[in-house]
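# Examining the three-dimensional arrangement
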Amino acid sequence: MSSTLLEVTRSAHEEVERLERLIVKDLQNEPTSNKDRLFQSHRVRNMIDTIISTTDKLVEIYEDKDNARKDEIAALGGQTAAGTNVFSAFYDRLKEIREYHRRHPAARVVDANEEFEGLLKEEPQIEFSGEEALGRYLDLHELFNQFINSKFGDPSTEYSTYLDVFSQPHKIPHKLKLTRQYKEYMENLLEYLIYFFQRTEPLQDLDRIFSKIETEFEDQWANNAVEGWENMGQENGHVPAQHTVIDLDYYSSVEELVEVGPEKLKEALAALGLKTGGTVQQRAERLFLTKNTPLEKLDKKHFAKGSRVFQQNGTAAALQQDENSKEIALMEAKMQKLCDLLDETIARTRDNIVKKQALTYEEIEAEREEEETQADTESDEDDQQIYNPLKLPMGWDGKPIPYWLYKLHGLGQEFKCEICGNYSYWGRRAFERHFKEWRHQHGMRCLGIPNTKNFNEITSIEEAKDLWKKIQERQGVNKWRPDLEEEYEDKEGNIYNKKTYTDLQRQGLI
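Residues numbered from 1 in each chain as written. Predicted model: local features only at pLDDT ≥ 70, side-chain atom pairs only at ≥ 80, totals over all residues. Heavy atoms only, no water.

So, about a negative patch on the surface. Side chains of Asp-56, Glu-60, Asp-66 and Asp-71 sit close together on the surface and give a patch of like negative charge. Its location among the elements puts Asp-56 in helix α2 (residues 34–63). (Patch = residues over 30% accessible without salt bridge, like charges linked within 9 Å, V, L, I, M, F, W, Y side chains within 5 Å. Areas by Shrake-Rupley, 256 points an atom, 1.4 Å probe, with all protein chains shown as cover. Salt bridge = Lys/Arg side-chain N within 4 Å of Asp/Glu carboxyl O. Lys, Arg positive; Asp, Glu negative; His and termini not counted. Charge placed at Lys NZ, Arg CZ, Asp CG, Glu CD. Helix = DSSP H or I, 4+ residues; strand = E, 2+ residues; numbered from the N terminus.)

Right, dumping it as structure tokens:
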């Protein structure tokens, strides 16, 4: 019945309003623990995402690019090519409704409130590592290893110290920032912080935060006021070798550079304004000179004709350096903003690491067990599990029903129905009643079998199919059989059935 476009529109508006009420109702409940706060935030985030997607569909319907909504409204008002006939449209619609209920006499009205109320009890799946402890601490061990094994990091740095310095990229020398290794490290660090922030603060609009940062960054970059990037390009009087097409930091000898190939070597030399001719060995030697020697100090014989313009004014390599530097500086700005937002988490992580370093293994294990016990008992009194060793069904008051009542109704007897998807029914009464309920009717409909009295007590799919096959065969005896019952008359007036007449005609006797 919800196939019409207007009904889809009404249903979408109803869904949006219900979700808005649920969000208000959920936020009115004060979470009692960090775990409850996370669940609440992610529930609200999921409902907001659903509202956004539903609203986008509504906007698309109201835009009505294919005029489907306009035509449906016109048809509802009885407007046709022949004129306007309101009564005809009314009775056609009434006929459609009656036909629907005739074909679905046992259609069940689903209470949408129950379905939506269930969202308030949902516990979203949030992925945290053991070190993160449901978002209480950061887990930067992989990035720490990447930092101490790089050229821009100090191998003697401890993890607790790293938690203080990783948010201060302006202390790293500018030369070391212009390497591919540092760029990859910064990308990984920013990616982790974004992912952690989205898991712990799902209601924050990170896109708006970053948009504001980018706007402020553009002004600071234009004024040469970005911290750690002031007077960029004045530290060295030449274009760094790592900004050529080939990153020379990854090559320690000319022989390794030869393996790159002649075409890439030629492209890298051309970007620096150097001669591109010669053998692969000569090209590699010429390019390897730029790894530790500024371009100004190279012999003029290595430069191509007209390359002085490159050295004086800067060309593609200089532009490439500026763009790459700008990209890295923007990542640093975003990373520092996230560190400001996660300042308490960083401090908590640092304190936790320092505390663990002063504990023995036994004390750490004892503390871990204490935290697990505290997490298990961290709930309201209303949510505490009721003592129910016999697993009796709950009554109207939320307590187990009396045991004599449980035995009287035979609720300890389980009946499984394969047609209902192996759903269990407890007690004979519930089992007999379920044959007329929606779940069993839906299962029979999926099998293509009418849900009649003949199939009562049938719970196996194979038994239902076999019985339906026998019923069809029995009904086939009373069907019209044209080969035996259809009559034919010959020229002499003799009457034959179709089969006999066809056989005689084939033999030439008629």
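Right, let's get into the nonpolar core. Membership of the largest hydrophobic core comes to 43 residues, with the highest contact counts inside it found for Leu-140, Tyr-162, Phe-166, Tyr-185, Leu-189 and Leu-193. Of all the secondary-structure elements, those providing two or more residues to this core are α2, α6 (141–148), α7 (159–165), α9 (180–200), α10 (206–222), α15 (316–341) and α16 (343–357). Broken down by element, this core gets its largest block of residues, 9 residues, from α9. Residues contacting Tyr-185, with those up to four places away along its chain left out, are Leu-143, Gln-146, Phe-147, Phe-152, Tyr-162 and Phe-166. The next biggest cluster of nonpolar side chains, apart from the first, holds 14 residues, and it includes Leu-257, Ala-268, Leu-287 and Leu-298. (Core = buried A, V, L, I, M, F, W, Y, C linked by side-chain atoms within 4.5 Å. Buried < 20%, exposed > 50% of the residue type's maximum accessible area, 1.4 Å probe, protein only. Contact = heavy atoms within 4.5 Å.)

Moving on, we come to the packing of α2 against α9. Axis separation between α2 and α9 bottoms out at 9 Å; the angle between their running directions is 95°. The orientation of α2 relative to α9 falls into the category roughly perpendicular. Of α9, the residues touching α2 (which contributes Arg-37, Leu-38 and His-42) are Gln-198, Arg-199 and Thr-200. (Axes fitted to C-alpha atoms, helices over the stretch in contact; angles between N-to-C directions. Parallel < 35°, antiparallel > 145°, perpendicular 65-115°, else oblique.)

Before going further, it helps to examine the environment of Tyr-62. Along the polypeptide, Tyr-62 turns up in helix α2. For Tyr-62, a relative accessible area of 41% corresponds to the partly exposed category. With near-sequence residues (within four places) excluded, Tyr-62 lies in contact with Thr-9, His-13 and Arg-69. At a separation of 2.7 Å, a polar atom in the side chain of Tyr-62 contacts the side chain of His-13. (Polar contact = N/O pair within 3.5 Å; in protein donor to acceptor, adjacent residues only side chain to side chain.)

This part covers the packing of aromatic side chains. Summed over all chains, the structure comprises 17 aromatic pairs. On the numbers, 6.4 Å between centres and 55° between planes, the contact of Trp-221 with Trp-229 is tilted. When sorted by exposure, Trp-221 lands in the same class as Trp-229, which is buried. Above the plane of the ring of Tyr-195 lies Arg-199, whose end atom (NZ or CZ) is 4.0 Å from the centre. (Phe/Tyr/Trp six-rings, centres within 6.5 Å; stacked < 30°, edge-to-face > 60°. Lys NZ or Arg CZ within 6 Å of the ring centre and 35° of its normal.)

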